[in-house]
Amino acid sequence: MRVLVVEDERKLAQVLTAALQAEHYEVVVAATGEGGFSRASEEAFDLVVLDLMLPGRNGLEILQTLRQRHLQTPVLILTARDGIEDRVLGLDLGADDYLVKPFALPELLARIRALLRRGRPSEVLRLKAADLELDLVTRRGVRGGRLLDLTAREFELLEYLLRHQGHWVSREMLAREVWREPRRATPLDNVIDVQMARLRKKVDADAGQRLIHTVRGVGFVLREGEP
Ligand code: CA
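First things first, this report covers the structure right here in the doc. What you see is a predicted model, and the numbers here were worked out from it, not measured in a lab.

What counts, and at which threshold
Throughout, a residue's number is its position along its own chain's written sequence, starting from 1. Side-chain atom pairs in this predicted model are given and counted only at pLDDT of 80 or more, local residue features only at pLDDT of at least 70, and totals for whole chains, interfaces and linings cover all residues. The side-chain quantities take in all heavy atoms of the structure and omit both hydrogens and water. A strand pair is defined by DSSP finding two or more bridges across the two strands. Counting from the N terminus, the helices are DSSP H or I runs at least four residues long and the strands are E runs at least two residues long. In this analysis an axis means a line fitted to C-alpha atoms, helices contributing only their contacting stretch, and an angle means the value between N-to-C directions, from 0 to 180 degrees. Only buried residues count toward a nonpolar core. Its members are Ala, Val, Leu, Ile, Met, Phe, Trp, Tyr and Cys residues joined through side-chain atoms within 4.5 Å. Summary of the burial criterion: residues with accessible area below 20% of their type's maximum are buried, those above 50% are exposed, and those between are partly exposed, where the area comes from a 1.4 Å probe applied to protein chains only. When checking whether two residues touch, look at their non-hydrogen atoms; a contact exists if any pair is within 4.5 Å. Because water is not among the atoms used, a metal site may look incomplete, as its donors are only the N, O and S atoms within 2.8 Å, or 3.2 Å for Na, K and Ca. A pairing counts as a salt bridge when a side-chain nitrogen of Lys or Arg comes within 4 Å of a carboxyl oxygen of Asp or Glu. In summary, the pairing rule links any two rings of Phe, Tyr or Trp, Trp by its six-membered ring, whose centres are within 6.5 Å, and it sorts them by plane angle into stacked for under 30 degrees, edge-to-face for over 60 and tilted for everything else. Distance and angle both matter: a charge sits over a ring if NZ of Lys or CZ of Arg is within 6 Å of the ring centre and within 35 degrees of the ring normal.

1. Some details on the sheet that holds strand E3 (residues 47–51)
Here's step 1: With parallel pairing, the five strands of this open sheet are ordered in space as E2-E1-E3-E4-E5. The open sheet is flanked by strand E2 (26–30) and strand E5 (97–100), the only strands paired with a single partner. Sheet twist, expressed as the average angle between the axes of neighbouring strands with direction ignored, equals 20°.
Here's step 2: As judged from the four bridges shared by strand E4 (residues 75–79) and E5, these two strands associate in the parallel manner. Residue Thr 79 lies in a different strand from E5, and its bridge partner there is Val 100.

2. Re the nonpolar core
Here's step 1: Grouped together as the largest cluster of nonpolar side chains are 29 residues, with contacts concentrated most on Leu 158, Leu 174, Leu 199 and Leu 222.
Here's step 2: Sort the elements by how many residues they give to this core and helix H6 (residues 152–163) lands first, with six residues.
Here's step 3: If we ignore the near neighbours within four places in the chain, the residues touching Leu 199 are Leu 150, Glu 154, Leu 157, Leu 158, Leu 161 and Ile 212.
Here's step 4: Of all hydrophobic cores here, the second largest spans 19 residues; its members include Val 28, Leu 52, Leu 71 and Ala 95.

3. Brief notes about the coordination of the calcium ion
Here's step 1: Donor atoms from the polypeptide that bind the calcium ion are Asp 8 (OD), Asp 51 (OD) and Met 53 (O), placed at 2.1 to 2.3 Å.
Here's step 2: For the calcium ion, the single-chain donor residues occur in sequence as D-x42-D-x1-M. With Asp 8 in the loop between strand E1 (2–6) and helix H1 (10–22) and Asp 51 in strand E3, the pair connects residues that are 43 residues apart, well separated along the chain.
Here's step 3: You can call Asp 8 partly exposed: its relative accessible area is 31%.
Here's step 4: In this structure Asp 51 comes out as buried when scored by relative accessible area, which is 3%.

4. With respect to the pattern of salt bridges
Here's step 1: Considering all chains together, one arrives at 24 salt bridges under this definition.
Here's step 2: A salt bridge links Arg 39 to Glu 43; the nearest nitrogen and oxygen atoms lie 2.8 Å apart.
Here's step 3: Of the residues examined, Glu 43 reaches a relative accessible area of 7% and is grouped as buried.
Here's step 4: Between Asp 135 and Arg 126 there is a salt bridge; the shortest N-O distance is 3.3 Å.

5. Examining the packing of aromatic side chains
Here's step 1: Taken as a whole, this structure holds zero aromatic pairs when the rule is applied.
Here's step 2: In this arrangement the basic side chain of Arg 57 is found over the ring face of Phe 37, its NZ or CZ atom lying 4.2 Å from the centre.

6. Brief notes about the pairing of strand E7 (residues 132–135)
Here's step 1: Note that strand E6 (residues 126–129) and E7 share four bridges and pair antiparallel. Within E7, the position partnered with Leu 127 by the bridge is Leu 134.
Here's step 2: The turn linking E6 back onto E7 is made up of two residues, and Ala 130 within it adopts a positive phi angle of 50°.
Here's step 3: Adjacent in sequence and paired antiparallel, E7 and strand E8 (residues 140–143) are bridged by four residues, among which Arg 139 carries a positive phi angle near 55°.

Right, dumping it as structure tokens:
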């Protein structure tokens, strides 16, 4: 699970990072509003912890823009004790939960677990992009009405790309989330590239529009149109 912490107070960011890492989350910290916004809009996260009082772009603006762009990632906002109005506004703008500073770490971790459980898209039974459709119940993929002959791994890989469509995913993320091997002596990069090439052939070869793109030096993205 990947968590983005947008927090400008260095000490608090460090404490949060340590606590989350101890629970085996991968943590990315952004110390400014701009940094937080660009990471949240370009990368895939399972959850965002968002401080509202930030230099530059404040948390509420970030939240509003992300939701306007249909980013569904759960957001937990952190507000100061006197920021009650901000808290209400934050929930109105699409935050999923909030905590008032100062808070106890166990409480934060419990809220995060609850959000991640809730955020599990178990109710989503079908994923789509252009004329590509993945049925998560029958575990079949169809592109332009043509049934794709996918192995179990290819299916999982495509599911992961579709769940993060429009956002790039790194080989590291794929190793962890699809191969479930976060720490291996030899990186899985070659294995992933080979699988990705096969998947691409099946998904994109006979189609008019390419959906799976390589982002040089970064990883891959599934999206309609060129990245
Ligand atoms: Ca702050």
